[in-house]
Amino acid sequence: MKKLLLVISGLALVVSMTFASGTQDQGAAAGAKEVKPIVLRLAETHPADYPTTKGDMRFAELVKERTNGRIIIEVYPSSQLGQEKAVIEQVQFGAIDFTRVSISPLASFVPVFNALQMPYLYRSEEHMWNVLLGPIGKELLASLEPSGFIGIGWFEPGARNFYNSKRPVYKPEDLAGLKIRVQESELMVGMVQALGAAATPMPYGEVYSGLQTGVIDGAENNWPSYESTSHYEVAKYYTLDGHTRVPEIIIASKISMQKLSKEDQEIIKQAALDAIPYQRQLWAEREKASEAKVRAGGSIIIEVTDKTPWQEKMKALYAKQPNDVQALIKQIQDVK
Ligand code: BDP
């Protein structure tokens, strides 16, 4: 009996010690999480007050809120972490955790993305969003994984237009001989060449000085970028040809995401989706404000009433695309 009592009290001691140490561990772990959140970095090329950057920040806020501060995404605006192509490479090998980029430079890593940025592809902004938020957009996000990226979500890119410092451009022939900066994308080089101009691929951050020094005569971008970079001050002829809508994407590094639990990965993906309406709203407002500022700044705005001659010049570019891109283009065109 005495022996049994001893055994029981011994067991009780072991049990209570185990519990005590269990509680202590949990306490320590919870405490440690509070002081040491997981901090991840997101690279953004635009300045902090730009609608897209504000969209990134909303995404980061939602992640923080929904993980009770366990995951903090720090947004680095104004290309602090580098220009887009270099940043994408760093995301691929896990040195940067997230980035929001234009799919133009991303397509050199995952060529099928070219289908999303073909000139005169979308009938409207709505058509593009139906593609991005529908099955095609979802599949494309998922298709990034073998290349080392996790596709997280899309942002509004606006329509891109040509601008230059030399002369008003009414029709493709007026571009002849102009040196036009394009994003670091083979497709965009092909597009500008098909229009009869000379294409110069160059990082975004170098375009202003390129225009100023005459290394290039022009470039192409949406209203907010044309305005926020002050390009309108050095290249005042802006032609509303609306040749492309190049979706903006948030991607994560597969290496960084794999360190997180499945639940946290889902929170992150959902947060990006939930930030889209906010970014789109800010975008619509900024488009108007930028247009007003550029017009007031003295830019010459050229309306293009008939886009047919522009579209005609793109036929060869469509025909040149590999089969998988052509098949995807067809699917995109069929989306209502
Ligand atoms: C802007 C995109 C940005 C690109 C830039 C460019 O938002 O991601 O880097 O165009 O032309 O519209 O490089």
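Since the model is a prediction, treat every value here as computed from it, not as a measurement.

(A) Up close: the pairing of strand β2 (residues 71–76). Looking at chain direction, strand β1 (residues 38–44) and β2 are connected through 6 bridges and run parallel. Across the sheet, residue R41 finds its bridge partner in β2, namely E74. Traced from β1 through helix α2 (residues 51–66) to β2, the parallel crossover comes out right-handed.

(B) Fine view of the layout of surface pockets. Counted as a void, the largest pocket has a volume near 380 Å³. What lines the largest pocket is a set of 20 residues, among which L141, A142, I150, G151 and K269 lie closest to the centre. Of all the secondary structure elements, the ones that give two or more residues to the lining of the largest pocket are α5 (125–133), α6 (135–143), β4 (149–155), α11 (254–258) and α12 (262–296). Residues that form the lining of the largest pocket fall into these classes: 10 nonpolar, 4 polar and 6 charged. A volume near 270 Å³ is recorded for the second largest pocket. In terms of lining, the second largest pocket is formed by 14 residues, of which the most central are N114, S185, E186, L187 and Q321. Secondary structure elements with two or more residues in the lining of the second largest pocket: α7 (186–194) and α14 (315–320). Counting residues per element, the lining of the second largest pocket draws most heavily on α7, which supplies 3 residues.

(C) Geometry of the packing of α5 against α6. In contact at an axis separation of 3 Å, α5 and α6 are set at 50 degrees when each is read in the N-to-C sense. Considering their axes alone, α5 and α6 lie oblique with respect to each other. Together, V131, L132 and L133 of α5 and I136, G137 and K138 of α6 make up the contact between the two elements. Tallied by class, residues from the contact of α5 with α6 come to 4 nonpolar, 1 polar and 1 charged.

(D) Here's a closer look at the sheet that holds β2. Across the sheet, 5 strands lie side by side as β2-β1-β3-β10-β4; this open sheet has mixed pairing. On the outer flanks of this sheet lie β2 and β4, each paired with one strand and no other. Taken pair by pair, the neighbouring strands of this sheet meet at an average axis angle of 25 degrees, ignoring direction. As paired elements, strand β3 (residues 98–102) and strand β10 (residues 248–253) share 5 bridges and run antiparallel to each other. In the sheet register, T99 faces β10, and the bridge partner there is I251. Lying on the sheet, α2 is in contact with β1, β2, β3, β4 and β10; it crosses β2 at an angle near 170 degrees.

(E) Main features of empty space enclosed by the protein. All chains considered together, the criterion is met by 1 cavity of 30 Å³ or more. Surrounding the largest cavity, 20 residues form its lining, E84, S102, R160, Q183 and Y204 being those nearest its centre. Counting residues per element, the ones that place at least two in the lining of the largest cavity are α3 (84–92) and β3. Formed jointly, the lining of the largest cavity draws a minimum of three residues from each of two domains, domain 1 (38–158 + 246–288) and domain 2 (160–245 + 289–322).

(F) Fine view of the packing of α2 against α12. Across the interface, α2 lies against α12 with an axial gap of 8 Å and an inter-helix angle of 150 degrees. It follows from the interaxial angle that α2 and α12 lie roughly antiparallel. Handedness of the α2/α12 crossing: right-handed. In this structure, α2 contributes P51, T52, K54, G55, R58, F59, L62, V63 and R66 to the contact, and α12 contributes I267, I268, Q270, A271, A272, D274, A275, Y278, Q279, L282, W283 and R286.

(G) Fine view of the site of the ligand. Close contacts around the ligand come from 13 residues, with H46, E84, R181, N221 and E248 the closest. Note that an oxygen atom of the ligand is positioned 2.9 Å from one of the side-chain N or O atoms of R100. A distance of 2.9 Å is found between an oxygen atom of the ligand and a side-chain nitrogen or oxygen belonging to R160. Within the shell around the ligand, the residues separate by chemical class into 1 nonpolar, 7 polar and 5 charged. Residues lining the shell around the ligand come from more than one domain, with at least three contributed by each of domain 1 (38–158 + 246–288) and domain 2 (160–245 + 289–322).

(H) Region of interest: the pattern of salt bridges. Considering all chains together, one arrives at 18 salt bridges under this definition. The partner of E227 in a salt bridge is K293, with the nearest N and O atoms 3.3 Å apart. Note that E227 is positioned in helix α9 (residues 223–228) and K293 in helix α12, a separation of 66 residues in sequence. Taking the relative accessible area as the measure of exposure, E227 reaches 7% and is therefore buried. Three or more residues joined by partner-sharing salt bridges are found here, namely E44, E84, R100 and E248.

(I) A look at the pairing of strand β6 (residues 179–182). Bridge count for β6 against strand β7 (residues 198–201) is 4 bridges, and the pairing is parallel. Counted as the bridge partner of K179 is A198 from β7. Handedness of the crossover joining β6 and β7 through α7 is recorded here as right-handed.

Rules and cut-offs
Residues numbered from 1 in each chain as written. Predicted model: local features only at pLDDT ≥ 70, side-chain atom pairs only at ≥ 80, totals over all residues. Heavy atoms only, no water. Pairing = 2+ DSSP bridges. Helix = DSSP H or I, 4+ residues; strand = E, 2+ residues; numbered from the N terminus. Right-handed = clockwise from strand over helix to strand, strands pointing away. 1 Å grid on protein atoms, 1.4 Å probe; cavity = no way out; pocket = protein on both sides within 12 Å on 5 of 7 lines; lining within 4 Å. Points joined across faces, edges and corners; volume = space filled by probe spheres on them. Nonpolar A, V, L, I, M, F, W, Y, C, P; charged D, E, K, R; others polar. Axes fitted to C-alpha atoms, helices over the stretch in contact; angles between N-to-C directions. Parallel < 35°, antiparallel > 145°, perpendicular 65-115°, else oblique. Contact = heavy atoms within 4.5 Å. Domains from an automatic or database assignment. Left-handed = near helix turned anticlockwise from the far one by under 90°. Near = heavy atom within 4 Å. Polar contact = N/O pair within 3.5 Å; in protein donor to acceptor, adjacent residues only side chain to side chain. Salt bridge = Lys/Arg side-chain N within 4 Å of Asp/Glu carboxyl O. Buried < 20%, exposed > 50% of the residue type's maximum accessible area, 1.4 Å probe, protein only.

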